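Structure assessment
Each chain, letter by letter, is given below.
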Amino acid sequence: MNAPVSEPDIASRAHRSVIVTGAASGIGRAAALAFAAQGDRVLAADLDAEGAEETVRRVTAAGGIALAAVGDLAEQRVVDSVVARAVAEFGGVDVLVNNAGIMDRMSAAHETDDAEWDRVLRIDLTAPFILTRAVLPHMLTAGAGCLVFTGSEAGLRGAAAGAAYTAAKHGITGLVKNLAVMYRGQGIRANMIAPGPTATGIGVDSSPDAHGPSVLRSLIGANIGRIGSADEQAAAIVWLASDAASFVNGAVLPVDDGWSAV
């Protein structure tokens, strides 16, 4: 009996169009370089203009193709501009990597003011949502697409960050699972990595008026393994967007040296 014939995954298309957010440094830069190294065209999006341009310089120096897009991805006009540029320059959006994010102060809920809550939720949850919403019509028209999110251990447990960051990353986990179910019949996959401690530029504001760090640090320190690299996280992102992961949809992939297994 003949095996069923499946539609080709978007990852099999040559010279894909890839948007990577938070591409000015850390995991985002590593992912942009990794996608470009395999022939994909990369739109490196970030609020940090100098860092985004440096990522593009590194890509082009290695023989790849990349463009920088600068702006606040929590603003609809910026999102619309980024997506329009990817479509105009690269012919569509095949892969979206929602990687940009910020850390909170590791504050407990009663110490989290409106400004901290709003800022973290806006950047870590709302921005990925509105960018995903903007690319989906293009992926639906193409009949294929890959969505990869950078989540966190804080999206899996309650002892990896403060109230705002934990809520935002749990929100990303739910969004990824919803997207996977809603669009799996239309050729679109959604997955997420959950990085453990990784050597990147993201920092924690351990202000003296917040007791969250003192409470969480002992819990975190007792369970984590070694510190990972941005390249290790990027490799997982690129794999989730590849043919090798064509049957992987709605997955939350810890990349954490076993921290989530403790």
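Not measured: the values here are computed from a predicted model. (Residues numbered from 1 in each chain as written. Predicted model: local features only at pLDDT ≥ 70, side-chain atom pairs only at ≥ 80, totals over all residues. Heavy atoms only, no water.)

**Structural notes on the nonpolar core**
Where a protein is soluble and globular, its nonpolar side chains tend to be buried together. Ile19, Val135, Leu147 and Phe149 are the most contacted members of the largest nonpolar core, which has 31 residues in total. Residue assignment for this core shows that the elements contributing at least two residues are strand S2 (41-46), helix H3 (76-90), helix H4 (114-142), strand S5 (145-150), helix H5 (163-183) and strand S6 (188-195). At seven residues, H4 tops the list of elements feeding residues into this core. Apart from residues no more than four positions distant in its own chain, valine 135 is found in contact with Ile19, Val83, Val93, Leu96 and Leu147. Ala36, Ala68, Cys146 and Ile237 belong to the second-largest nonpolar core, a separate cluster that totals 29 residues. (Core = buried A, V, L, I, M, F, W, Y, C linked by side-chain atoms within 4.5 Å. Buried < 20%, exposed > 50% of the residue type's maximum accessible area, 1.4 Å probe, protein only. Helix = DSSP H or I, 4+ residues; strand = E, 2+ residues; numbered from the N terminus. Contact = heavy atoms within 4.5 Å.)

**Structural notes on H4**
Along its 29 residues, H4 runs 40 Å from first to last C-alpha, staying within 8% of the 42 Å computed at 1.5 Å per residue. Positioned one or two residues after H4, glycine 143 has a phi angle of 80°, which is positive. (Expected span 1.5 Å × (residues − 1).)

**A closer look at the packing of H3 against H4**
Between H3 and H4, whose axes approach to 9 Å, the crossing angle comes to 35°. Considering the relative orientation of H3 and H4, their crossing is right-handed. Where H3 approaches H4, its residues Gln76, Val79, Val83 and Val87 are matched on the opposing element by Ile130, Leu131, Arg133, Ala134, Val135 and His138. Of the residues belonging to the contact of H3 with H4, the class tally is seven nonpolar, two polar and one charged. (Axes fitted to C-alpha atoms, helices over the stretch in contact; angles between N-to-C directions. Left-handed = near helix turned anticlockwise from the far one by under 90°. Nonpolar A, V, L, I, M, F, W, Y, C, P; charged D, E, K, R; others polar.)

**What about the side chain of lysine 169?**
Within the secondary structure layout, lysine 169 lies in helix H5. Despite its burial, lysine 169 remains without a salt bridge, the nearest opposite charge being carried by aspartate 124 at 4.9 Å. Excluding residues that lie within four positions of it along the chain, lysine 169 makes contacts with Asp124, Thr150, Gly151, Ser152, Ala154 and Gly155. (Lys, Arg positive; Asp, Glu negative; His and termini not counted. Salt bridge = Lys/Arg side-chain N within 4 Å of Asp/Glu carboxyl O.)

**A few points about the pairing of S2**
Counting buried positions over the six residues of S2 gives five, a clear majority of the element. The sheet contact formed by strand S1 (residues 17-21) and S2 spans five bridges and is parallel. Across the sheet, the residue bridging to valine 20 is alanine 44, located in S2. For the handedness criterion, the β-α-β arrangement of S1, helix H1 (residues 26-37) and S2 is classed as right-handed. Sheet topology places S2 next to strand S3 (residues 65-70); six bridges connect them, and they run parallel. The residue bridging arginine 41 from the neighbouring strand is isoleucine 65, located in S3. (Pairing = 2+ DSSP bridges. Right-handed = clockwise from strand over helix to strand, strands pointing away.)

**A closer look at the pattern of salt bridges**
One pass over the full model with this rule turns up seven salt bridges. Between glutamate 54 and arginine 58 there is a salt bridge, with the nearest N and O atoms lying 3.0 Å from each other. Pair noted here: glutamate 54 and arginine 58 are both in helix H2 (residues 49-61), with a separation of four residues, about one helical turn. Take arginine 58: its relative accessible area is 40%, and that puts it in the partly exposed class. Put simply, arginine 157 and glutamate 153 hold a salt bridge, and the shortest N to O gap is 3.1 Å. Through salt bridges with shared partners, a single ionic network connects Glu54, Arg57 and Arg58.

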